[in-house]
Amino acid sequence: MRIVPVAILLAVAVAACTSATPDTPESTTTTTVVAPETTTTRPTPTSFLALGDSYTAGTSIDPADAWPFQLERRLGASGTDVTMTSIADDGWNTKRLHREIARTEVDTYGEILLAIGANDVVLPFGTDNFEEGLALLVQDIEARSGPTTVVTILSIADFRATPWGQERIERGYDIEGYNAILESLAADIGARYVDITTISGAAIDDPSLVAPDDLHFSASMYALWVDILLEAGVGS
């Protein structure tokens, strides 16, 4: 018997297997993932900063019933988690408010509300001083604003409708002229402008809208302001 070397047998076997079952590449599936389009939306603001004078501080009533804190409660009742910070006090005009803001820590807020000007109208410094003070306040606001911060400027409360104002009506306090400056500023910086002067005038015929000191407004009046602010989109 002729013995065939093992090496030769192995070579033949390998060749046979190779020719019988040719290599077949594995099938592959390519999946293309398309990223969804992204849009930038402003988150619902949860931190608020109210800047103002005695009409923001709630002078002559419970400070908890001042309009900033009524606004905080109304937004909270609608499901928005809100924190309200108020920097305001009696007798502050624009420049005094600026000085007081400078004493506070710089934080970033979702929405900033500015309600100032009554004392600028009453004090004998004129509109130039008012505009200078507003320019400083704009810097303060910018320092506390993030990329999505919304700024709201309220018109000046019509204190002429209070008993205090009626006793001094001959002084001709030009609230409308100062409001025009505020409205122009709002347009320049892209802020929301909200008129609360008109509703304040209702106090002349409704004593329940006036605070006990006959100069400031009651919680009922500030509730009306909050209605107007919410209708204007504050907090949404």
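Please read all numbers here as calculations on a predicted model, not as lab measurements.

So, about a negative patch on the surface. A cluster of acidic residues, Asp89, Asp90, Asp213 and Asp214, forms a negative patch on the protein surface. With respect to the helices and strands, the residue Asp214 is situated in the loop between helix H9 (197-200) and helix H10 (219-231).

Further remarks concern the packing of helix H4 (residues 94-101) against helix H6 (residues 126-143). The N-to-C vectors of H4 and H6 enclose an angle of 25°; their axes lie 8 Å apart at closest approach. When the axes of H4 and H6 are compared, the pair comes out roughly parallel. For H4 against H6, the interelement crossing comes out left-handed. In contact with Thr94, Lys95, Leu97, His98 and Ile101 of H4, H6 contributes Asn129, Phe130, Glu132, Gly133, Leu134, Leu136, Leu137 and Asp140. For the contact of H4 with H6, the per-class residue count stands at six nonpolar, four polar and three charged.

All chains considered together, the criterion is met by nine salt bridges. Between Arg96 and Glu100 there is a salt bridge, with the nearest N and O atoms lying 2.8 Å from each other. Placement of the pair is Arg96 and Glu100 together in helix H4, with a separation of four residues, close to one helical turn. Take Arg96: its relative accessible area is 33%, and that puts it in the partly exposed class. Since its relative accessible area comes to 14%, Glu100 is described here as buried. A network of salt bridges, in which partner residues are shared, links Arg96, Glu100 and Arg103.

Turning our eyes to something else, we now look at the sheet that holds strand S3 (residues 109-115). Hydrogen bonds between backbone groups are what pair the strands of a sheet, and the pairing can be parallel or antiparallel. Taken in spatial order, the five strands of this open sheet run S2-S1-S3-S4-S5, and their pairing is parallel. The outermost strands of the open sheet, each flanked by one partner alone, are strand S2 (83-88) and strand S5 (192-194). The average angle at which neighbouring strand axes cross in this sheet is 20°, direction not considered. In this structure, S3 lies alongside strand S4 (residues 145-154), joined through five bridges in parallel fashion. Paired with Leu113 across the strands is Thr152, a residue of S4. Of the strands in this sheet, strand S1 (47-52), S2, S3 and S4 touch helix H3 (residues 67-77), which is tilted by about 175° from S2.

Our next topic: the packing of aromatic side chains. Overall, the coordinates contain eight aromatic pairs when judged by the stated rule. With a centroid separation of 5.0 Å and 55° between ring planes, the pair formed by Phe130 and Tyr178 is classed as tilted. Here Tyr178 lies in helix H8 (residues 175-189) and Phe130 lies in helix H6, a separation of 48 residues in the sequence. No difference in accessibility class separates Phe130 from Tyr178, as the two residues are buried. Site record: aromatic cluster; members linked through ring pairs are Tyr55, Phe217, Tyr222 and Trp225.

Moving on, we come to the nonpolar core. Counting 56 residues, the largest nonpolar core has Leu51, Trp67, Leu97, Leu114, Leu134 and Trp225 as its most contacted members. Sorting elements by how many residues they give to this core places H8 first, with six residues. In contact with Trp225, not counting residues within four places along its chain, are Tyr55, Trp67, Ala157, Ile196, Ile199, Ser200 and Phe217.

By the criterion of burial, S1 is predominantly enclosed, with six of the six residues buried. Note that S1 and S2 share six bridges and pair parallel. Each bridged residue has a counterpart across the sheet, and for Ser47 the counterpart in S2 is Thr83. With five bridges joining them, S1 and S3 adopt parallel strand pairing. The residue bridging Leu51 from the neighbouring strand is Leu114, located in S3.

Conventions used here
- Residue indices follow the written sequence of each chain, beginning from 1 at its first position.
- A pLDDT threshold of at least 70 governs which residues receive local features in this predicted model, and a stricter bar of 80 or more applies before side-chain atom pairs are shown or counted, although totals over entire chains, interfaces and linings include all residues.
- To obtain the side-chain values, all non-hydrogen atoms of the structure were used and water was disregarded.
- Residues qualify for a patch when their relative accessible area is over 30% and they have no salt bridge, like charges being joined within 9 Å and the nonpolar side chains of Val, Leu, Ile, Met, Phe, Trp and Tyr within 5 Å.
- Per-residue and other accessible areas were derived by the Shrake-Rupley procedure at a 1.4 Å probe size, with only the shown protein chains allowed to occlude residues.
- Here a salt bridge means any side-chain nitrogen of Lys or Arg lying within 4 Å of a carboxyl oxygen belonging to Asp or Glu.
- In this tally, Lys and Arg are treated as positive and Asp and Glu as negative; His is ignored, and so are the chain termini.
- Here the site of a charge means NZ on Lys, CZ on Arg, CG on Asp, or CD on Glu.
- For helices the rule is a DSSP run of H or I covering at least 4 residues; for strands it is a run of E covering at least 2, with both sets numbered from the N terminus onward.
- Interaxial angles span 0 to 180 degrees and are taken between N-to-C directions of axes, which are lines fitted to C-alpha atoms, for helices over the stretch in contact.
- Oblique is the label for every angle not falling under 35 degrees (roughly parallel), over 145 degrees (roughly antiparallel), or within 65 to 115 degrees (roughly perpendicular).
- Put simply, a crossing is left-handed when the front helix is turned counterclockwise from the back one by less than a right angle, and right-handed when it is turned clockwise.
- Two residues qualify as a contact provided that any one of their heavy atoms is within 4.5 Å of a heavy atom in the partner residue.
- Lys, Arg, Asp and Glu make up the charged group, whereas Ala, Val, Leu, Ile, Met, Phe, Trp, Tyr, Cys and Pro make up the nonpolar group; the residues left over, Gly among them, are polar.
- Residue burial is assigned from relative accessible area. The probe radius is 1.4 Å, only protein chains are included, and a residue is buried under 20% of its type maximum, exposed over 50%, and partly exposed in between.
- Strands pair, by our definition, only if DSSP identifies at least two bridges between them.
- Here a Phe, Tyr or Trp ring, Trp counted by its six-membered ring, pairs with any other such ring whose centre lies within 6.5 Å, and the pair is stacked when the planes are under 30 degrees apart, edge-to-face when over 60, and tilted otherwise.
- Side-chain atoms within 4.5 Å link the members of a nonpolar core, which is a set of buried Ala, Val, Leu, Ile, Met, Phe, Trp, Tyr and Cys residues.

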